[in-house]
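Spelled out, the chains give:
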Amino acid sequence: MEKIQNYINGELVAPIDGQYIDNYEPATGKVYSRIPESNHQDLQQAVNACKQAQKEWANLASEQRSILLMKLADAIENASEELAKAEAIDNGKPIALARAVDSYRSAANIRFFANAATQFSSEAHDMGAVGVNYTLRQPIGIVGCISPWNLPLYLFTWKIAPALASGNVVIAKPSEITPMTAYIFSRLCIEAGIPKGVINILHGSGQSIGSPLVEHPDVKAISFTGGSATGRAIASKIAPMLKKYSLELGGKNPALIFEDSCNTEQDFDKTVSEVARLAFSNQGQICLCGSRLYIERKLYPRFKVALVKSINALKIGDPLNEETQHGALVSQAHFNKVYSYIELAEQEGGTIIAGGNKVKLSGRCEQGYFLQPTIIEGLTIDCRVNQEEIFGPVCTIQPFDSDEEVLGYANGTEYGLAASVWSSNVSRCHQMSSQLEFGIVWINSWLLRDLRTPFGGVKSSGVGREGGLEAMRFFTEAKNVCIKY
Ligand code: NAD
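Counting restarts for each chain, with residues numbered from 1 along the sequence as it is written. Given that the model is predicted, a residue must reach a pLDDT of at least 70 before its local features are reported, and side-chain atom pairs must reach 80 or more before they are shown or counted; all residues, however, enter totals for whole chains, interfaces and linings. Calculation of side-chain values draws on the structure's entire complement of heavy atoms; hydrogens and water are dropped beforehand.

Within the chain, the secondary structure is distributed over 15 helices and 25 strands. Dimensions of the chain, computed from C-alpha atoms along their principal axes, come out at roughly 70 × 65 × 40 Å. Per-residue accessibility, obtained with a 1.4 Å probe over protein chains only, is compared with the maximum for each type, and a residue is labelled buried under 20%, exposed over 50%, and partly exposed between these values. Out of the 485 residues in the chain, the part that is buried amounts to 57%. Any two residues having at least one pair of non-hydrogen atoms within 4.5 Å are treated as being in contact. Looking at the chain alone, contacts between residues at least 24 apart form 75% of all its contacts between residues at least 6 apart. Accessible areas in this description were obtained via Shrake-Rupley with a 1.4 Å probe; residue shielding takes into account the shown protein chains only. Entry remark: accessible area of the chain is about 19100 Å², with carbon and sulfur atoms responsible for 52%. Put simply, DSSP marks the helices as runs of H or I at least four residues long and the strands as runs of E at least two long, and each gets a number from the N terminus on.

Here it is as structure tokens:
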């Protein structure tokens with residue numbers, strides 16, 4: 001059985017004390033590889049490697065950093081099929097999705113920030129005859145990047161790329177639930193000629209290696225993506241240490257669907273299909289997925305029927321089959337959590353109008369964690385199913401009568417990551433966008449991404465922003481230099 005290795009100082013190495021944990025394939029429910037349960041000793045080795053590499057990397061001309069990162073992006077692109085297959089096996093997502101989304105974006109992330117390295121500039125503030133200020137944007141030093149399991153290499157590279165582009169050295173920890181593509185990525189870093197110690201990858205659980213990483217005094221900033229409870233725990237430890245941190249956390253995202261989004265049959269079909277996609281892509285395991293669908297009452301009956309028909313037609317199957325549209329949930333524990341919300345929905349007075357059941361496939365996927373895409377009707381905003389993040393293929397639908405009413409529902413949870421508004425009325429779309437308490441609002445679209453834009457949430461969905469210049473600024477310290485003439 002394959003043993004994954006850590007990547008420290010440019011080499012693939014076993015954990016110092018030889019401890020490993022199991023890695024499961026969600027589609028089969030079987031252990032298929034083992035991953036290091038790294039600890040503070042492995043961390044110290046990575047910190048030592050970072051210290052050796054730090055100065056040279058920070059002093060490298062930005063063009064040189066950019067060239068190396070471009071080579072890394074090319075290496076990811078060349079390995080895209082291997083990465084897509086590994087992601088489908090490790091995470092349970094359909095291979096077609098892994099290819100189009102995960103492999104593609106991982107290379108795009110690195111390439112985007114390779115370009116950013118050469119375009120990043122700082123400000124000057126002219127004081128006329130008196131003097132001038134200029135701002136140096138300097139790398140922070142050693143930074144920690146921690147990512148979740150839902151978009152494994154996609155989110156891992158989304159953090160590592162700006163950290164490196166802006167001259168930092170990195171210790172990165174992928175999710176212990178989906179470690180495989182980060183392991184392949186280590187090999188690609190070697191192939192691309194990334195200097196030793198510039199990127200170090202430590203595998204293991206949050207308790208064993210995540211927590212020591214955030215608390216190590218030589219690690220000066222933490223970029224974290226994961227659940228809100230973990231984000232709070234991390235903040236409570238590192239805020240008193242006065243470290244810089246960025247937290248991308250959970251969501252409970254609404255979609256606001258107005259009748260005027262469906263003025264023609266073509267628009268109706270398009271909106272139904274996009275809403276199905278926003279609720280159920282990656283088995284609903286994208287932080288940006290909509291899980292609360294609000295539909296204007298006049299449109300509600302027709303839309304509901306079409307939506308149910310559309311999701312009942314999704315092909316559930318082995319993630320490695322090209323035709324599969326709906327794969328496995330990531331783990332048994334996560335399956336149990338998601339399923340418990342379906343049971344809770346019934347206790348809270350909801351009616352399941354689509355799905356709701358475990359799916360038993362035959363052959364190699366007999367023991368896999370497959371759950372039907374599920375839609376629940378008849379729940380109020382204050383029930384737990386509408387308040388808590390489920391992070392699976394389960395959403396609720398509810399009719400509304402007015403703009404004020406739906407705005408109240410949309411803003412009525414502790415989360416504020418992403419909302420979408422579906423309407424042909426530009427004024428309404430703008431009014432809604434300005435009043436929605438979310439970091440991201442999509443109009444008549446979902447997951448349409450431009451990597452230059454600020455990315456992140458408000459309320460319990462996070463602190464800080466990623467993306468474009470926001471990320472380059474996060475990973476640098478601004479130093480003002482004032483010259484008096
Ligand atoms: P999680 O919080 O359980 O784990 C995320 C990462 O943190 C993992 O690598 C884990 O090992 C590590 N970790 C756990 N405890 C830690 C600790 N005490 N100190 C340091 N590291 C620790 O989240 P998850 O279950 O892997 O991912 C799902 C969550 O991520 C959902 O809530 C989802 O909404 C969120 N998410 C948010 C975004 C975003 O951009 N806002 C994107 C993707 C996922």
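With that out of the way, let us pick up the domain arrangement of the chain. What fixes the domain bounds is an automatic or database domain assignment. The assigned domain composition of the chain is domain 1 (2–249 + 461–484) and domain 2 (253–450). Put simply, the middle of domain 1 and the middle of domain 2, counted by C-alpha atoms, are 31 Å apart. Across the contact, 29 residues belong to domain 1 and 30 residues belong to domain 2. The term buried area denotes the loss of accessible surface (1.4 Å probe radius) that occurs when two parts are joined, taken as the sum for both partners. In total, domain 1 and domain 2 occlude about 2400 Å² of area from one another, counting both sides; carbon and sulfur atoms represent 56% of this. Of all residues in domain 1, Ala27, Trp149 and Ser461 bury the most surface against domain 2, accounting for 22% of the area lost on that side. By salt bridge we mean one thing: a side-chain nitrogen of Lys or Arg within 4 Å of a carboxyl oxygen of Asp or Glu. At the junction of domain 1 and domain 2, the tally comes to three salt bridges.

The subject of this paragraph is the packing of helix α3 (residues 80–91) against helix α6 (residues 180–192). If you want to describe how two helices pack, look at the angle between their axes and the distance between the axes. Every angle, taken between N-to-C directions, lies between 0 and 180 degrees, and every axis is a line fitted to C-alpha atoms, over only the stretch in contact when it is a helix. Running from N to C, α3 and α6 cross one another at 155°; their axes reach a closest spacing of 8 Å. As summarised for this structure, α3 and α6 are arranged roughly antiparallel, according to the angle between their axes. Of α6, the residues touching α3 (which contributes Glu82, Leu83, Ala86, Glu87 and Asp90) are Met180, Thr181, Ile184, Arg187 and Leu188. Residues are grouped as follows: Ala, Val, Leu, Ile, Met, Phe, Trp, Tyr, Cys and Pro are nonpolar; Asp, Glu, Lys and Arg are charged; all remaining types, including Gly, are polar. Each residue belonging to the contact of α3 with α6 can be placed in one class, and the counts come to five nonpolar, one polar and four charged. For classification purposes, an angle smaller than 35 degrees is called roughly parallel, one larger than 145 roughly antiparallel, one from 65 to 115 roughly perpendicular, and anything else oblique.

For any two aromatic rings, the description comes down to two numbers: the centre-to-centre distance and the angle of the planes. Pairing of aromatic side chains requires ring centres within 6.5 Å, counting the rings of Phe and Tyr and the six-membered ring of Trp. Pairs whose planes differ by under 30 degrees are stacked, by over 60 edge-to-face, and all others tilted. The final tally for this structure, using the stated rule, is ten aromatic pairs. The structure contains a cluster of three or more aromatic residues connected by ring pairs, namely Phe112, Phe113, Trp158 and Phe455. Positioned above the aromatic ring of tyrosine 20 is the side chain of lysine 3, whose terminal nitrogen or guanidinium carbon lies 4.6 Å from the ring centre. Two conditions define a charge sitting above a ring: the NZ of Lys or the CZ of Arg must be within 6 Å of the ring centre, and it must be within 35 degrees of the ring normal. Over the face of the ring belonging to phenylalanine 268 we find arginine 302, whose NZ or CZ atom lies 3.9 Å from the ring centre.

Our focus in this paragraph is the side chain of threonine 374. Here threonine 374 is to be found in strand β18 (residues 374–377). Polar contact is the term for a pair of N or O atoms within 3.5 Å; when the atoms are in protein, one must be able to donate a hydrogen and the other to accept it, and sequence-neighboring residues count only if both atoms are side-chain atoms. Polar contacts involving the side chain of threonine 374 include one to the main-chain carbonyl oxygen of glutamine 372, which spans 2.8 Å. Ignoring anything within four residues of it in the chain, the contact list for threonine 374 reads Phe280, Ile311, Ile342, Ile352, Ala354, Gly355, Gly356, Pro393, Val394 and Cys395.

Proximity is defined per residue: any heavy atom of the residue falling within 4 Å of a molecule or strand makes that residue near it. The environment of the ligand is formed by 27 residues, the closest being Ser147, Glu176, Thr230, Leu249 and Glu389. Glutamate 176 is positioned with one of its side-chain polar atoms (N or O) 2.7 Å from an oxygen atom of the ligand. In this structure, glutamate 389 approaches the ligand through a side-chain N or O atom, which is 2.5 Å from an oxygen atom. When contributions to the shell around the ligand are tallied by element, the ones reaching two or more residues are α7 (206–215), β11 (221–225) and α8 (228–238). Grouping the constituent residues of the shell around the ligand by class yields twelve nonpolar, eleven polar and four charged.

Helix α5 (residues 152–165) packs onto helix α4 (residues 95–119) with a crossing angle of 10° between their chain directions and a minimal axis gap of 8 Å. The orientation of α4 relative to α5 falls into the category roughly parallel. Side by side, α4 and α5 meet where Val101, Asp102, Arg105, Ser106, Asn109, Ile110, Phe113 and Ala117 of the first sit next to Pro152, Leu153, Tyr154, Thr157, Trp158, Ala161, Pro162 and Ala165 of the second.

Neither face of β18 is exposed, since Thr374 and Ile376 on one face and Ile375 and Glu377 on the opposite face are all buried. Here, any two strands with at least 2 DSSP bridges between them count as paired. Where strand β15 (residues 351–354) meets β18, three bridges bridge the pair, whose relative direction is antiparallel. Counterpart to alanine 354 in the pairing with β18 is isoleucine 375. Direction of pairing for β18 relative to strand β19 (residues 394–400): parallel, over a ladder of four bridges.

To define a nonpolar core, start from buried Ala, Val, Leu, Ile, Met, Phe, Trp, Tyr and Cys residues and group those joined through side-chain atoms within 4.5 Å. Core analysis: the biggest nonpolar cluster contains 113 residues, and Leu72, Ile171, Phe185, Ile199, Leu288 and Phe303 have the highest contact counts within it. The element contributing the most residues to this core is α5, with ten residues. If sequence neighbours within four positions are ignored, leucine 288 has contacts with Asn253, Leu417, Ala418, Ile440, Trp442, Trp446, Leu447 and Phe455.

This paragraph deals with the state of the cysteines. A pair of cysteine sulfur atoms is labelled a disulfide when the two atoms are within 2.5 Å. Evaluation of the coordinates by the stated rule reveals zero disulfides. Distance from the sulfur of cysteine 289, which forms no disulfide, to the nearest cysteine sulfur (cysteine 287) is 8.2 Å.

Looking now at a nonpolar patch on the surface. Together, Tyr134, Leu136, Ile483 and Tyr485 make up a nonpolar patch on the protein surface, roughly 380 Å² of accessible area in all. As for its placement among the helices and strands, isoleucine 483 is situated in strand β25 (residues 476–484). By relative accessible area, which is 36% here, isoleucine 483 ends up partly exposed. Grouping into patches uses exposed residues only, defined as over 30% relative accessible area, and leaves out salt-bridged ones; the cut-off is 9 Å for like charges and 5 Å for nonpolar side chains (Val, Leu, Ile, Met, Phe, Trp, Tyr).

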